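Secondary and tertiary structure notes
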Amino acid sequence: MLVLEWIGVGVLILLAFVAILFVRRALMAGSGTIRLSLRVSTMLDGRGWSPGIGRFVGDELRFYRFLSLAIRPKRRLSRNGLVVERRRKPEGQELMSMPADWVILRCVSHQAPVEIAMAKSTVTGFMSWLEAAPPGAVSSFLATH
């Protein structure tokens, strides 16, 4: 009887894992999603990048990590007060964690500075979303190149 209980628990865990993967897949397949990397740690130069999916929901960019079972976003960036300080190409160790044609944006917000990396074609859409803030919102960018 004990063996059957363990098999039942194993099957339930497997079903829960599959259900979480389907929920995450549904989140990623929706409209308004982009592929990006977010720098979660700046302790070592060129390291600390976490690949994931960004989803635009109203005035927020919600970041979901690829290698996580969490249903909630790892980070939420509000476009109100979000400013792109500068942009640059990946260099050194960063080239191992992302394609060389991506662009790294250093952003400043009310929360804290954050670095986001995305494809060059995605930057255009991101900047359009950032600039499309409602009147009166403080959403802009400082450097264009």
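A short tour of the structure in this document, coming up. Remember, predicted model here, so these are calculated numbers, not experimental data.

Concerning the nonpolar core
Ranked by internal contacts, the top residues of the largest apolar core, which has 19 residues, are L105, I116, M118 and F126. Counting residues per element, the ones that place at least two in this core are β1 (33-39), β3 (60-65), β6 (102-108), β7 (114-119) and α2 (120-131). Residue contributions to this core peak at five residues, all from α2. Residues in contact with I116, not counting those within four places in the same chain, are L36, S37, L38, W49, L77, V103, I104, L105, C107 and F126. The next biggest cluster of nonpolar side chains, apart from the first, holds six residues, and it includes M98, W102, A117 and A119.

A closer look at the pattern of salt bridges
Under the definition given, this model contains seven salt bridges. The partner of R106 in a salt bridge is E85, and the shortest N-O contact between them spans 3.1 Å. Here R106, found in strand β6, pairs with E85, found in strand β5 (residues 83-88); they are 21 residues apart in sequence, far enough to count as distant. Look at R106 and you get partly exposed, because its relative accessible area is 24%. In this structure, E115 and R88 form a salt bridge, with 3.6 Å as the shortest nitrogen-oxygen distance.

Rules of the game
- Residues numbered from 1 in each chain as written.
- Predicted model: local features only at pLDDT ≥ 70, side-chain atom pairs only at ≥ 80, totals over all residues.
- Heavy atoms only, no water.
- Core = buried A, V, L, I, M, F, W, Y, C linked by side-chain atoms within 4.5 Å.
- Buried < 20%, exposed > 50% of the residue type's maximum accessible area, 1.4 Å probe, protein only.
- Helix = DSSP H or I, 4+ residues; strand = E, 2+ residues; numbered from the N terminus.
- Contact = heavy atoms within 4.5 Å.
- Salt bridge = Lys/Arg side-chain N within 4 Å of Asp/Glu carboxyl O.

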